[in-house]
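Coordinates in review
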Amino acid sequence: MDPFEPAIIAFVCNWCTYTAADLAGTSRLSYPKNIRLIRVMCTGMVDPQYVIKAFLEGADGVLISGCHPGDCHYINGNYKARRRVKLLKEILPRFGIDSRRLRLTWIGASDGIQFAGIMGDLVAQTRELGPALPDLKMVI
Ligand code: FES
């Protein structure tokens, strides 16, 4: 049997975390291939349904990552995301999903090294947790 490799969906804001991912790439930093980035204009537009749908379609972990507090290009989108993540962490166990599988981080545009490090930690932590919903497996 193959060792478990988690599938992780990361919703990243265009202005900060996506740019950090780009910087990581152009700096030739490596990070695990288990992560699929979904670029959004702001973390404030990540509807909680997107997160639940990702898990129900087989993701083992979900990351939402954007600009640092005070740096959101849409003023308060990241604060909205923070409130939604707090609520989602209360709701997810009702679906049988460990709330540690959902993470929120702030990664600025110049934080390519931090981006690569957080992606590595995220995959390692999710690998330890095992499959989110064992009957579902997302192929990424
Ligand atoms: S624009 Fe980056 S979190 Fe709002």
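The structure we're discussing is the one just above.
What comes next concerns the included structure. Nothing here was measured: the structure is a model prediction, and the numbers come from that model.

1. Some details on helix 1 (residues 17-26)
For helix 1, the complete set of buried residues consists of T17, A20, A21 and A24. One face of helix 1 carries all of its buried residues, which in axial projection span an arc of 100°. Looking at the packing, one finds that the buried side of helix 1 touches strand 1 (8-13), strand 2 (35-40), strand 3 (61-66) and helix 4 (112-129).

2. Brief notes about the packing of aromatic side chains
Two aromatic rings, taken as a pair, are described by how far apart their centres are and by the angle between their planes. Following the criterion strictly, the structure yields 2 aromatic pairs and no others. Judged by centre distance (5.0 Å) and plane angle (90°), the rings of Y31 and F115 are edge-to-face. One end of the pair, Y31, is in the loop between helix 1 and strand 2; the other, F115, is in helix 4, with 84 residues separating them in the sequence. By relative accessible area, Y31 is classed as partly exposed at 29%. For F115, a relative accessible area of 0% puts it in the buried group. It is R39 that lies over the ring of Y18; its NZ or CZ is 4.2 Å from the centre.

3. Observations concerning helix 3 (residues 77-91)
Relative to the 21 Å expected for 15 residues at 1.5 Å per residue, helix 3 spans 21 Å between its end C-alpha atoms, a close match to the ideal helical length. Buried residues in helix 3 make contact with helix 2 (48-56), strand 3 and strand 4 (102-106).

4. Observations regarding the pattern of salt bridges
A complete count under the given rule lists 3 salt bridges for this structure. For R127, the salt bridge goes to E5, with nearest N and O atoms at 3.0 Å. On the criterion of sequence distance, the pair formed by R127 in helix 4 and E5 in the segment before strand 1 is long-range, its members being 122 residues apart. For R127, a relative accessible area of 35% gives the class partly exposed. Between R100 and D98 there is a salt bridge whose closest N-O contact spans 2.7 Å.

About the criteria used
Residues numbered from 1 in each chain as written. Predicted model: local features only at pLDDT ≥ 70, side-chain atom pairs only at ≥ 80, totals over all residues. Heavy atoms only, no water. Buried < 20%, exposed > 50% of the residue type's maximum accessible area, 1.4 Å probe, protein only. Helix = DSSP H or I, 4+ residues; strand = E, 2+ residues; numbered from the N terminus. Arc of directions from axis to C-beta. Contact = heavy atoms within 4.5 Å. Phe/Tyr/Trp six-rings, centres within 6.5 Å; stacked < 30°, edge-to-face > 60°. Lys NZ or Arg CZ within 6 Å of the ring centre and 35° of its normal. Expected span 1.5 Å × (residues − 1). Salt bridge = Lys/Arg side-chain N within 4 Å of Asp/Glu carboxyl O.

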